[in-house]
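Residue-level structural notes
This is what each chain is made of:
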Amino acid sequence: MAVRYQLQESNTTDLPSNSGSTTYNRGFNVAGGAVDEILMKITTVNATGAIVADFGNVIQSLRFVLNGSTIFDFRSGYASAANNAPSQFGYFLNSLGSGRMTEIPGDTAKEVYFRIPVGRNISAGVSRLEYTLSYAAAAAAITSGQIQFWFRYNDNMTTTTTVSAATSFTHSASEEQVVVRLPQGVPGTVAGIMIQNDSAADQLDGIRIISQSDFSMPVGMIQAFNGDLYNGILYSDDGVSTTQQTYAIQVAGGLFVPLFGLSMDSDVRLQVNSSAATTRTYTPVIVAAVNGQSESQGRQTQPVITNTNQAVLAATTETV
């Protein structure tokens, strides 16, 4: 099969609204095969200023359940259509590989692509994907649009990726130990953790990653290592340009921390020095080796090899 794209679901209802927050629950049948990623495409026609910057700013949460197993469970620390900056959701996806959230910048017409790595071998026959998608309210009317879910089948995928449920922690203005819980029965190693504040502010003096350092590291140092400071954040802002993406060096209230394939012998422990009383969430990304190879059919000669561990490192300064 090599690389093959299939449209699995399309509707015109599961879209944001300016009347308030919305949540949609839907499921659909999918064909078996080696599913590399799920692509969610959203297009809208809307009034001016409906979403000020990138579309990810209105994504409150997204959850995928495949055949009864949760494979992707993300919720934003904050979501606002008025946030004139890169979104936490888009930043998180692009930390798992360049171009995992991309958007054509536009004010009254939106077109955005979210490519979610999953890496699952689905057994032959009919399987079922259920999703829960929540939006924050748009800032102006959305008159029409469409959402589509595509599956990319790729028998050269090499990793399976699980975005596990976040651990929440209510901080005081002090240094505290945070234990990030890891799911039971999910094989693999921890590629990284997405840390999110509940507002567009870091309110963070430093983090000691116990598996990596004997000392607390300032946020800027972690951003230097994960690639953020090297203009590592791209997002859509039609107020700046409608012909190219906009660069940033940070996402306020968001920080992706690479953990370099940390073993899952125990939960992940951090010492977090918070400068204010606030609530943060800690979302682990778990990656395991998988073989999606099937019998060659002699159709495509150039493999597209995907590896979430390598994609995470590629965005950092840890590569030559």
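I will try to describe carefully the structure that is included in this document. (Residues numbered from 1 in each chain as written. Predicted model: local features only at pLDDT ≥ 70, side-chain atom pairs only at ≥ 80, totals over all residues. Heavy atoms only, no water.)

1. Notes on the sheet that holds strand β12 (residues 204-209)
Worth spelling out the cut-off: Strand pairing is assigned whenever DSSP identifies at least 2 bridges connecting the two strands. Labels follow the DSSP assignment, with helices taken as runs of H or I lasting at least four residues and strands as runs of E lasting at least two, numbered in each case from the N terminus. For helices, the fitted axis covers only the stretch in contact; all axes are lines through C-alpha atoms, and the angles between them, taken along N-to-C directions, range from 0 to 180 degrees.
Taken in spatial order, the three strands of this open sheet run β10-β16-β12, and their pairing is antiparallel. In this open sheet, the two strands that pair with only one neighbour each are β10 (175-180) and β12. If you compare each strand with its neighbour and ignore which way they point, the axes differ by 25° on average.

2. Looking at the environment of Asn29
To keep things clear, this is the line we draw: Contacts are assigned to residue pairs with any non-hydrogen atoms lying within 4.5 Å of each other. Nitrogen and oxygen atoms within 3.5 Å of one another constitute a polar contact, given that in protein one can donate a hydrogen and the other can accept it, and given that sequence-neighbouring residues count only through two side-chain atoms.
Within the secondary structure, Asn29 is located in strand β2 (residues 22-46). For the pair Asn29 and Asp73, spaced 44 residues apart in sequence, the C-alpha to C-alpha distance is 20 Å. Dropping the residues within four chain positions of it, Asn29 is found in contact with Gln8, Val126, Ser127 and Arg128. Polar side-chain contacts of Asn29 include one of 3.2 Å to the side chain of Arg128.

3. With respect to the nonpolar core
Cut-off, in case you're wondering: The criterion is simple. A nonpolar core is a set of buried Ala, Val, Leu, Ile, Met, Phe, Trp, Tyr and Cys residues joined through side-chain atoms within 4.5 Å. Exposure is judged per residue with a 1.4 Å probe applied to protein chains only, and the accessible area is read against the type maximum: over 50% gives exposed, under 20% gives buried, and values in between give partly exposed.
Residues Phe64, Phe72, Phe92 and Phe114 are the most contacted members of the largest nonpolar core, which totals 70 residues. With nine residues, the single largest contributor to this core is strand β6 (residues 109-135). Not counting the four nearest positions on each side in its chain, Phe92 is found in contact with Phe72, Phe74, Val163, Met194, Phe256 and Val285.

4. As for the side chain of Gln223
Position of Gln223 relative to the elements: it lies in helix α2 (residues 219-226). A residue is classified by how much of its surface remains accessible, and Gln223, at 6% relative accessible area, is buried. With sequence-adjacent residues up to four places away left out, Gln223 is seen in contact with Asp228, Leu229, Ile249, Gln250 and Leu255.

5. Examining the pattern of salt bridges
For clarity, the threshold we go by: Whenever Lys or Arg places a side-chain nitrogen within 4 Å of a carboxyl oxygen from Asp or Glu, that contact is recorded as a salt bridge.
What the rule picks out here adds up to eleven salt bridges. A salt bridge links Glu37 to Arg152, with the shortest nitrogen-to-oxygen separation between them at 3.9 Å. Here Glu37 is found in strand β2, whereas its partner Arg152 is found in strand β7 (residues 142-154), with 115 residues between them in sequence. Per residue, the accessibility class of Glu37 equals that of Arg152, and both read buried. Across the pair Arg208 and Asp214 runs a salt bridge, and its minimum N-O distance is 3.7 Å. In this structure Asp214 comes out as exposed when scored by relative accessible area, which is 62%. In this structure, a network of salt bridges that share partners links the residues Asp36, Glu37, Arg100, Arg115 and Arg152.

6. Examining unusual backbone geometry
One non-glycine residue, Gln203, lies in positive phi territory at about 50°. Among the secondary structure elements, Gln203 is positioned in the loop between β11 (189-197) and β12. Of note, the phi angle at Asn231 is positive, near 50°, even though the residue is not glycine. Along the chain, Asn231 falls in the loop between α2 and β13 (233-235).

7. Points about the environment of Arg4
Take Arg4: it is sitting in strand β1 (residues 3-11). Sequence separation between Arg4 and Gly99 is 95 residues; the distance between their C-alpha atoms is 18 Å. Leave out the neighbours within four places in its chain, and Arg4 touches Phe151, Arg152 and Tyr153.

8. What to know about the packing of aromatic side chains
To describe a pair of aromatic rings, you give the distance between the ring centres and the angle between the ring planes. Going by this rule: Pairing of aromatic rings covers Phe, Tyr and the six-membered ring of Trp, with a centre-to-centre limit of 6.5 Å; geometry is then stacked below 30 degrees between planes, edge-to-face above 60, and tilted otherwise.
For the structure shown, the criterion picks out 13 aromatic pairs. Between Phe64 and Phe72, the ring centres sit 6.0 Å apart and the planes meet at 45°, which makes this aromatic pair tilted. For the residue pair Phe64 and Phe72, the accessibility class agrees, reading buried in each case. Taken together, Phe28, Phe64, Phe72, Phe74, Phe89, Phe92, Phe114, Tyr131, Phe149, Phe151, Tyr153 and Phe256 form an aromatic cluster joined through their ring pairs.

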